[in-house]
Amino acid sequence: MPIIVFPMEVNITEKRNGVETQILDPQSRVEQLDHVKRVLCSEFIGINEIIEGVLTAIRPWYLFPELQERPLVINLWGMTGVGKTSLVERLVELLGFQDRLFRFSMEKTEVTNYLQYSLTKLAFHGDKRPAVFLWDEFQRYQTTNLERNDAVPEKGLQYLWDFLDTGTIDASESLRYYRYGISSLLCELIYRLKACVREGVQVQNGYIVKGATAYLRLMHGYYDSEIDMDLPIPFVPQKYHDELFYVDPGRFQSEIDVTETLGKLDAQETIALLELLLKKSFTKRTIECRNALIFVLGNLDELNPKGFETSPDYVPDTLKRHFQTITLPQVKEALSKRFRSEQIARLGNLHFVYPTFGEAEYRALIQLKAEKISHKFEQLLGKPIHVDPTILTLIYRDGVYASQGARSVLSTLNRILYPLLCETLLKAINLSRDFTEVRVSYNGTELGIQFTLDDTIVEQCTVPYAPTLDKLRTTRKDDLQALVAVHESGHAILSVYLLNEIPKRVLSVTASPGLL
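Please read these numbers as outputs of a predicted model, since none were measured by experiment.

Peer 1: So what about the overall build of the protein? Which residues, and what values?
Peer 2: When helices and strands are tallied, the protein shows 18 helices and 16 strands. Here the protein, with 516 residues, has 47% of them falling under the buried criterion. Of the contacts formed within the protein by residues at least 6 apart in sequence, a portion of 71% connects residues at least 24 apart. Carbon and sulfur atoms make up 53% of the accessible area of the protein, which amounts to about 26600 Å² in all.

Dropping the structure here:
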């Protein structure tokens, strides 16, 4: 059984001072990992432990992939919007593996055929360097409890578990139609080329030296319609050389290698080679990716707090503390609701659970993104822009949806800051007076823009803004809120007395729909 092996050499490059530099020795790779850690920790907020754990796990793979006997599987679990996918993509970019990252979304039913086909073609196209696989939304591909609405049936994906375990995959089934096509082509070529030899066609160094007319007649339909008779005619048409390469990539390094090999043969030697390739096309093939790095990403609802709901009233720090306490046994217990025991074992023990953002992380994210956005506008304006803390607080209060991660905050940041700074640019264009700085702020009801000259306001204006979540969460201090507070306090007391459970929160004002 021939085995297609991804070779172990690693050829990493990075740009230093604008110059692309090859990193070959282990010490340089160690330095690169240290650099990657610094960059990731500066760009991602609140997941330093995750970053350090992932980099520690991939260190042997990155330094000495030739020693790896089975794929390295790293599992990242967490709620939406916590940065699982973006971390992997940025890590791969910093390591120089962009052209060897293969991402698959396991929530799509077509993954049954597409994943195996892609793995197979990866090897058959000759990209034999260590590869990185990203399997996203893995929780959707479950093998138990298939009555769930978000489940993707397991049918046809047994090879995936074998690949996780050993790094090998039987390519015979996924290439069944391809193998049939190439086998049929080879049979027809061999038959026609033998007929050419019987008709007196002679070949030297891969090209016809006698009997070109008979050759073109017998090869009609298998040769390009327009042939320059003044040029040498290859015995095996050039357009089939790439097909021959895929039959036996272990023998040939590329399509060019096929052409060079055929260019040294006469007619009988060429036919003998094609007959050998025909036998090879029927041979069972195994793809081996023992030096692969596989990231499994997903969101396990079973890890959420008891009674979890996508409520806008969740306190970020409370949710963060919950996910910080999750242990490996809890992760495997959650996986057991979706996968069989032997399948969970093949995912290994490298499981990292992302904590949700707390208030400090949300505020740091808002600060970081606001600085980047204002810097872009500063370059257009040519003057410094100061974003007042009141703007950042507004974005936090109106954008944080703790159960939905960073995306809702980034959406609110774009909804508030981008239009405000666009309005600032328009005002600056029409401003007749000179200014040295722009300040934007929020006074509780309106967004404000101030143009200053040496701390003196020379022009100012306001932009209306109606908060959404913040308005719903704001305490009213009226009779209705007082009645709700007394009522909910009664529920809390009874919960402690009758159920021996302390409520996670007691609210008299809520942004949840359908509630007071």
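Peer 1: Mind laying out the packing of helix α14 (residues 359–381) against helix α15 (residues 389–399), listing which residues take part and the relevant values?
Peer 2: Between α14 and α15, whose axes approach to 10 Å, the crossing angle comes to 125 degrees. Overall, the two elements α14 and α15 adopt an arrangement that is oblique. Pair α14 / α15 crosses with right-handed handedness. Judged by residue contacts, E359, Y362, R363, I366, Q367 and A370 of α14 engage L392, T393, I395 and Y396 from α15.

Peer 1: Describe the sheet that holds strand β15 (residues 446–453), naming the residues involved and giving the relevant values.
Peer 2: Across the sheet, four strands lie side by side as β13-β14-β15-β16; this open sheet has mixed pairing. Whereas interior strands pair on both sides, the edge strands pair on one side only; in this sheet they are β13 (385–387) and β16 (456–464). On average, each strand axis in the sheet is inclined to that of its neighbour by 20 degrees, with strand direction left out of account. Pairing between β13 and strand β14 (residues 437–442): three bridges, direction parallel. In the strand pairing of β14, V387 is matched with V440. With respect to the sheet, α15 is in contact with β13, β14 and β15, its orientation differing from that of β14 by roughly 40 degrees. Strand contacts of helix α16 (residues 406–430): β13, β14, β15 and β16, with the helix running at about 40 degrees to β15, the strand carrying the most contacts.

Peer 1: With reference to specific residues and values, describe the sheet that holds strand β4 (residues 72–77).
Peer 2: Read from one edge to the other, the open sheet built from five strands follows the order β5-β6-β11-β4-β12, with strand pairing classed as parallel. Because the sheet does not close on itself, it has two edges, and the strands there are β5 (101–105) and β12 (351–353). When the angles between neighbouring strand axes are averaged without regard to direction, this sheet yields 15 degrees. Helix-sheet contacts for helix α2 (residues 48–63) involve β4, β6 (132–136), β11 (293–298) and β12, and the interaxial angle to β4 is about 170 degrees. Strand contacts of helix α5 (residues 158–166): β4, β6 and β11, with the helix running at about 135 degrees to β6, the strand carrying the most contacts.

Peer 1: Give a description of α14 that names residues and reports values.
Peer 2: Compared with an ideal rise of 1.5 Å per residue, which puts 23 residues at 33 Å, α14 spans 32 Å between its outermost C-alpha atoms and is within 8% of the ideal. Of the residues making up α14, those classed as buried are E361, Y362, L365, I366, A370, I373, S374, F377 and L381. Phi turns positive, to about 80 degrees, at G382, one or two residues after α14.

Peer 1: Summarise the packing of aromatic side chains; cite the residues concerned and give the values.
Peer 2: Using the criterion set out here, one finds twelve aromatic pairs in the structure. For the pair Y215 and F235, a centre-to-centre distance of 6.0 Å together with 35 degrees between the ring planes defines the contact as tilted. Pair noted here: Y215 is in helix α7 (residues 212–218) and F235 is in the loop between α7 and α8 (241–247), with a separation of 20 residues, a long-range link. Classification of Y215 as buried rests on a relative accessible area of 0%. Summarising the aromatic geometry, the rings of Y362 and Y396 are spaced 6.5 Å apart at their centres and angled 65 degrees between planes, so their arrangement reads as edge-to-face. Pair noted here: Y362 is in helix α14 and Y396 is in helix α15, with a separation of 34 residues, a long-range link. Judged on exposure class, the residue Y362 and its partner Y396 are both buried. Each residue in the set F102, F133, W135 and F163 is aromatic and connected to the rest through ring pairs, giving one cluster. The ring centre of F97 lies 4.2 Å from the NZ or CZ of R100, which sits over that ring. Lying over the aromatic face of F435, K383 brings its terminal NZ or CZ to 4.3 Å of the ring centre.

Reading the values: the criteria
Residues numbered from 1 in each chain as written. Predicted model: local features only at pLDDT ≥ 70, side-chain atom pairs only at ≥ 80, totals over all residues. Heavy atoms only, no water. Helix = DSSP H or I, 4+ residues; strand = E, 2+ residues; numbered from the N terminus. Buried < 20%, exposed > 50% of the residue type's maximum accessible area, 1.4 Å probe, protein only. Contact = heavy atoms within 4.5 Å. Areas by Shrake-Rupley, 256 points an atom, 1.4 Å probe, with all protein chains shown as cover. Axes fitted to C-alpha atoms, helices over the stretch in contact; angles between N-to-C directions. Parallel < 35°, antiparallel > 145°, perpendicular 65-115°, else oblique. Left-handed = near helix turned anticlockwise from the far one by under 90°. Pairing = 2+ DSSP bridges. Expected span 1.5 Å × (residues − 1). Phe/Tyr/Trp six-rings, centres within 6.5 Å; stacked < 30°, edge-to-face > 60°. Lys NZ or Arg CZ within 6 Å of the ring centre and 35° of its normal.

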